[in-house]
Amino acid sequence: MRRIAHISDLHFGRHDARKVDALVDGLHRNSPDLVVISGDLTQRARRTEFHEARHFIDRLGRPVVLVPGNHDLPLYAVHQRFLQPLTKFNRLLAASNAADSYFEDSKLAVLGLNTARRLIWKGGRVSPEQMSTIRRVFANLPESVWKVLVTHHPLASVEGEPMIELAGRAKLAVRAVAQAGVHLLLSGHHHRAVAGGAEPRLVLNGSVLVVHAGTAVSTRTRHAEGNSYNWIELSPARAAITVMAWADPHFEPVRTTSYAFEPSSGRLHPV
Ligand SMILES: [Fe+2]
Ligand SMILES: [Fe+2]
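Residues numbered from 1 in each chain as written. Chains lettered and ligands numbered in written order. Predicted model: local features only at pLDDT ≥ 70, side-chain atom pairs only at ≥ 80, totals over all residues. Heavy atoms only, no water.

A. Structural detail: the overall build of the protein. Looking only at helices and strands, the protein has seven helices and 13 strands in total. C-alpha atoms of the protein, sized along the principal axes, occupy 50 × 40 × 35 Å. Every one of the 271 residues in the protein was classed for burial, and the buried ones make up 55%. Of the contacts formed within the protein by residues at least 6 apart in sequence, a portion of 71% connects residues at least 24 apart. Of the roughly 11,600 Å² that the protein leaves accessible, carbon and sulfur atoms contribute 51%. (Helix = DSSP H or I, 4+ residues; strand = E, 2+ residues; numbered from the N terminus. Buried < 20%, exposed > 50% of the residue type's maximum accessible area, 1.4 Å probe, protein only. Contact = heavy atoms within 4.5 Å. Areas by Shrake-Rupley, 256 points an atom, 1.4 Å probe, with all protein chains shown as cover.)

Listed below in structure tokens is the structure:
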């Protein structure tokens, strides 16, 4: 079994400090194998905000895969946005050039890809090189390893839910996802927690679970949704996604969706 805390859109600078403390306490208690942070760690990519995000990550004391979001690129400092879009993110948050980051053990492989772009600040995009990376990183892993791709901008909508704006070239990217045998797509950006099968079923053939996260600790909640994060449990051939929603004074489980993966077809079924 592997347990992932999937948190997103913290927006330090517009955060609620009590919720940050409650989140850290909860993660200390539940001790996930990995924390995934799917972007928008800051509100305006300010140095002080990155320091707050760094402090938060240090307090977790767990392995972390993180990707930047559009808010982690300078918006108004146009010169900086065009010439050094990720300098502060890389220097203050990532150990190295971690715009794309990776975690692997015997049961789990998690690749984070940067979809934030300086020219299309809000929208995001996947590059052809990143599609090659998806195929290269996941293609030769054993079938027993859970394969997880993390982006800030979603690559797919959730079946049965409203269609949402996706990263540029998302259709091409999900072809790479299908070819690489990726099981889960984790993303943020829309500040709405929802999980299920992927909408482009013809491409993904029912084999990929799409998981969107809400905003964990920011005051930028939308759609009448409060703050939340996702707790993901991956055991052989079974995945369970639990939304952990803010219920003062802590986060608590509010709904769980479980799926079984059928090894022969590679398809997922709600259970
Ligand atoms: Fe956000
Ligand atoms: Fe965003």
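B. Molecular detail of the coordination of the iron ion (ligand 2). Taken together, the protein ligands of the iron ion (ligand 2) are Asp40 (OD), Asn70 (OD1), His152 (NE2) and His189 (ND1), with distances of 2.2 to 2.3 Å. With four donor atoms in place around the iron ion (ligand 2) and angles of 88 to 156° between them, the coordination shape is irregular. A distance of 3.6 Å spans the gap from the iron ion (ligand 2) to the iron ion (ligand 1), which aspartate 40 bridges by coordinating each metal. Of this pair, histidine 152 sits in the loop between strand E6 (146-150) and helix H6 (170-180) while histidine 189 sits in the loop between strand E7 (184-187) and strand E8 (194-197), and the two are 37 residues apart along the sequence. Accessibility expressed as a relative area gives 0% for histidine 152, which makes it buried. Given the relative accessible area of 10%, histidine 189 is considered buried. (Donors = N, O, S within 2.8 Å, 3.2 Å for Na, K, Ca; no water. Tetrahedral: all angles 85-135°; square planar, octahedral: opposite > 155°, others 65-115°.)

C. Broad picture of the pattern of salt bridges. Throughout the structure, instances matching the rule amount to nine salt bridges. Put simply, arginine 46 and glutamate 49 hold a salt bridge, and the shortest N to O gap is 3.0 Å. Across the pair arginine 54 and aspartate 58 runs a salt bridge whose closest N-O atoms are separated by 3.1 Å. Residue arginine 54 and its partner aspartate 58 are located together in helix H2 (residues 47-60), separated by four residues, close to a single helical turn. Taking relative accessible area as the criterion, arginine 54 reaches 27% and is therefore assigned partly exposed. A single salt-bridge network, built from bridges that share partners, covers Glu161, Arg192 and Glu225. (Salt bridge = Lys/Arg side-chain N within 4 Å of Asp/Glu carboxyl O.)

D. Molecular detail of the coordination of the iron ion (ligand 1). Taken together, Asp9 (OD), His11 (NE2), Asp40 (OD) and His191 (NE2) make up the full set of protein donors to the iron ion (ligand 1), lying 2.0 to 2.3 Å away. For the iron ion (ligand 1), the four donor atoms in the first shell make angles of 84 to 171° at the metal, so the coordination geometry reads as irregular. Look at where the donors of the iron ion (ligand 1) fall in the sequence and you get D-x1-H-x28-D-x150-H. On the basis of relative accessibility, which here comes to 1%, the residue aspartate 40 falls in the buried class.

E. Examining the sheet that holds strand E3 (residues 64-67) more closely. Taken in spatial order, the seven strands line up as E3-E2-E1-E10-E11-E12-E13 in an open sheet, and their pairing is mixed. Pairing within the sheet leaves two strands with one partner each, and these edge strands are E3 and strand E13 (267-270). Going across the sheet, the axis of each strand differs from the next one's by a mean of 25°, ignoring polarity. (Pairing = 2+ DSSP bridges. Axes fitted to C-alpha atoms, helices over the stretch in contact; angles between N-to-C directions.)

F. Spotlight on the sheet that holds strand E9 (residues 209-212). As summarised here, the arrangement of the six strands in space is E4-E5-E6-E7-E9-E8, forming an open sheet in which the pairing is mixed. Each edge of the open sheet carries a strand with a single partner, namely strand E4 (101-104) and E8. Averaged over all pairs of adjacent strands, the angle between their axes in this sheet comes to 15°, without regard to strand direction. Against the sheet, helix H5 (residues 128-139) makes contact with E4, strand E5 (108-112) and E6, and its axis sits at roughly 165° relative to E5, the strand it touches most.

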